[in-house]
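The lines below spell out each chain.
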Amino acid sequence: LCRDSLLFALGLAILAQSRPYEGVLFALPPTLLLGVWLLRKRGIPAQIKWRKTVLPLGAAIVALVLATAYYDWRVTGHPGMMPYILHQQTYGTPQPLFWQPPIQDAPGVHGFRDIADVFRWQLAAHRKGFSWSLEAERLKSFWHFYLQPLLSVPLLLLPLVLRRRYLWVLLLSVVALLAGNAMYPFFFPHYAAPLCGLIILFVVYGMRYLRALTFRARQGGTLVFRLLLALIGVS
């Protein structure tokens, strides 16, 4: 338990320092599941839960918060102000989420033409707001970068994969991240970087089920599996 708690905290730290917004969305379902487990799991003494789960996880998170506050203080002069917030106040970018009022002007916008162009581009995108056509383009970009046709084939067996109930929590992480990003004016594939390992996990699970498929008592899935692996390698 202690090792798993520290690994979980390390994962949270990596997400917090690389993609904070998407990291929070991604980590929310497993964190809630952990909370439910701590409250409802019977058969494990409360002192063991505290000593091997809550304390190491809490200590790691406190260390993360303190280290982040120190970093912010050294960069922005204030422990509670993240660098991108200072950039936002100075240059007006990045624009906030759709449900927040857009930044109409900022002192650093008018010094250089390229900064002004980026500001106007982001402001126009924020004013357009959410649309399903825009979301379709985002999902297409996501699919093209992370999957494409070959890696999509194993995901056709996702209903079989999801018979493992614990994977539903990870699927909720996918939904939470993509839904949360839909509230922001822009999407680039690296915004969904927290999902990369999870996508690989689902693809590998799907390929395991694909390899086990039979047709008229013959293991036709093995041939498809090998062919798919060869095509992925060539690709």
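Structure first, text after, so check above.
This text gives an overview of the structure that appears in the document. (Residues numbered from 1 in each chain as written. Predicted model: local features only at pLDDT ≥ 70, side-chain atom pairs only at ≥ 80, totals over all residues. Heavy atoms only, no water.)

Remarks on the packing of aromatic side chains
At step 1: In total, this model carries nine aromatic pairs according to the counting rule given.
At step 2: Where Phe145 meets Tyr146, the ring centres are 4.9 Å apart and the plane angle is 75°; that geometry is what we call edge-to-face.
At step 3: A relative accessible area of 54% places Phe145 in the exposed class.
At step 4: The buried category is assigned to Tyr146, whose relative accessible area is 11%.
At step 5: The aromatic ring of Trp37 is capped on one face by Lys49, whose charged end is 5.8 Å from the ring centroid. (Phe/Tyr/Trp six-rings, centres within 6.5 Å; stacked < 30°, edge-to-face > 60°. Buried < 20%, exposed > 50% of the residue type's maximum accessible area, 1.4 Å probe, protein only. Lys NZ or Arg CZ within 6 Å of the ring centre and 35° of its normal.)

Things to note about a nonpolar patch on the surface
At step 1: Together, Tyr21, Trp99, Phe130, Trp132 and Met183 give the surface a local cluster of nonpolar side chains, amounting to about 600 Å² of exposed area.
At step 2: Looking at the element boundaries, Phe130 is found in the loop between helix H5 (113-128) and helix H6 (132-146).
At step 3: Judged by its relative accessible area of 34%, Phe130 falls in the partly exposed class. (Patch = residues over 30% accessible without salt bridge, like charges linked within 9 Å, V, L, I, M, F, W, Y side chains within 5 Å. Areas by Shrake-Rupley, 256 points an atom, 1.4 Å probe, with all protein chains shown as cover. Salt bridge = Lys/Arg side-chain N within 4 Å of Asp/Glu carboxyl O. Helix = DSSP H or I, 4+ residues; strand = E, 2+ residues; numbered from the N terminus.)

Brief notes about the environment of Pro79
At step 1: Within the secondary structure, Pro79 is located in the loop between helix H3 (46-76) and helix H4 (83-91).
At step 2: Overall, Pro79 belongs to the partly exposed group, its relative accessible area being 43%.
At step 3: Separated by 98 residues in the primary sequence, Pro79 and Leu177 have C-alpha atoms spaced 27 Å apart.
At step 4: Aside from chain neighbours lying at most four places away, what touches Pro79 is Ala69, Asp72 and Trp73. (Contact = heavy atoms within 4.5 Å.)

Points about the nonpolar core
At step 1: Membership of the largest hydrophobic core comes to 31 residues, with the highest contact counts inside it found for Phe142, Ala192, Leu195, Ile199 and Phe202.
At step 2: Sorting the residues of this core by element identifies H6, helix H9 (166-181), helix H10 (196-211) and helix H11 (220-234) as the ones contributing at least two each.
At step 3: Looking at this core element by element, the count peaks at eight residues for H10.
At step 4: Grouped together as the second largest cluster of nonpolar side chains are six residues, Ile103, Val109, Phe119 and Leu123 included. (Core = buried A, V, L, I, M, F, W, Y, C linked by side-chain atoms within 4.5 Å.)

A look at the environment of Leu172
At step 1: By secondary structure assignment, the location of Leu172 is in helix H9.
At step 2: Through-space distance from the C-alpha of Leu172 to that of Phe26 is 8.3 Å; in sequence the pair is 146 residues apart.

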